[in-house]
Amino acid sequence: MWKALLFFSVWIGITIPILLPIVFTIFKPLVLADETGISMIVIAAIVAVCNIYVATRIWNRIEDKLYKRKTFM
């Protein structure tokens, strides 16, 4: 349990600061056109959900390898 929490916190801490500037640079015209900022919140939420999905997929592969080696827990 603690290994998964540690992995997710490190993964999110490293990748979110990298992904958000890249995505906001790509969608700059959309963000500038919206004066309310809702598009920025939606884009950030989509990036976060996709990032968590990728982290879950990676963790499942790591966990399978640890289970096969019998080094889990």
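Structure: above.
Keep in mind it's a predicted model, so treat the numbers as computed, not measured.

**Observations regarding a nonpolar patch on the surface**
Here's step 1: The grouping of Trp 2, Leu 6, Val 10, Ile 14, Ile 18, Ile 22, Ile 26, Phe 27 and Leu 30 at the surface amounts to a nonpolar patch, some 920 Å² of accessible area in total.
Here's step 2: Take the nonpolar patch: its biggest share by element is seven residues, from helix α1 (residues 2–26).
Here's step 3: Here Leu 30 is to be found in helix α2 (residues 28–33).

**Details of a positive patch on the surface**
Here's step 1: On the surface, Arg 57, Arg 61, Lys 65, Lys 68 and Arg 69 cluster together into a patch of positive charge.
Here's step 2: Overall, Lys 68 belongs to the exposed group, its relative accessible area being 71%.

**Overview of the packing of aromatic side chains**
Here's step 1: Per the stated rule, a full pass over the model turns up three aromatic pairs.
Here's step 2: Arranged with centres 5.9 Å apart and planes meeting at 80°, the rings of Phe 7 and Phe 8 form a pair that is edge-to-face.
Here's step 3: When its relative accessible area of 18% is taken as the criterion, Phe 7 is described as buried.
Here's step 4: Classification of Phe 8 by relative accessible area gives partly exposed; the value is 22%.
Here's step 5: Each member of the aromatic cluster is reached from another via a ring pair, and the members are Phe 7, Phe 8, Trp 11 and Trp 59.

**Digging into the environment of Trp 11**
Here's step 1: Relative to the assigned elements, Trp 11 resides in helix α1.
Here's step 2: On the basis of relative accessible area, Trp 11 is assigned to the partly exposed category, the value being 23%.
Here's step 3: Expressed as a C-alpha distance, the spacing of Trp 11 and Asn 60, which sit 49 residues apart in the sequence, is 14 Å.
Here's step 4: Once residues lying within four places of it in the same chain are set aside, the contact partners of Trp 11 are Asn 51, Val 54, Ala 55 and Ile 58.

**Some remarks on the packing of α1 against helix α3 (residues 38–69)**
Here's step 1: α3 packs onto α1 with a crossing angle of 140° between their chain directions and a minimal axis gap of 9 Å. Considered as vectors, α1 and α3 are oriented oblique to each other. In this structure, α1 crosses over α3, and the sense of that crossing is right-handed.
Here's step 2: The residue inventory of the contact of α1 with α3, partitioned by class, reads 21 nonpolar, three polar and one charged.

**Description of the side chain of Thr 15**
Here's step 1: Tracing the chain through its elements places Thr 15 in helix α1.
Here's step 2: A polar contact is formed between the side chain of Thr 15 and the backbone oxygen of Trp 11, at a distance of 2.7 Å.

Definitions and limits used
Residues numbered from 1 in each chain as written. Predicted model: local features only at pLDDT ≥ 70, side-chain atom pairs only at ≥ 80, totals over all residues. Heavy atoms only, no water. Patch = residues over 30% accessible without salt bridge, like charges linked within 9 Å, V, L, I, M, F, W, Y side chains within 5 Å. Areas by Shrake-Rupley, 256 points an atom, 1.4 Å probe, with all protein chains shown as cover. Salt bridge = Lys/Arg side-chain N within 4 Å of Asp/Glu carboxyl O. Helix = DSSP H or I, 4+ residues; strand = E, 2+ residues; numbered from the N terminus. Lys, Arg positive; Asp, Glu negative; His and termini not counted. Charge placed at Lys NZ, Arg CZ, Asp CG, Glu CD. Buried < 20%, exposed > 50% of the residue type's maximum accessible area, 1.4 Å probe, protein only. Phe/Tyr/Trp six-rings, centres within 6.5 Å; stacked < 30°, edge-to-face > 60°. Contact = heavy atoms within 4.5 Å. Axes fitted to C-alpha atoms, helices over the stretch in contact; angles between N-to-C directions. Parallel < 35°, antiparallel > 145°, perpendicular 65-115°, else oblique. Left-handed = near helix turned anticlockwise from the far one by under 90°. Nonpolar A, V, L, I, M, F, W, Y, C, P; charged D, E, K, R; others polar. Polar contact = N/O pair within 3.5 Å; in protein donor to acceptor, adjacent residues only side chain to side chain.

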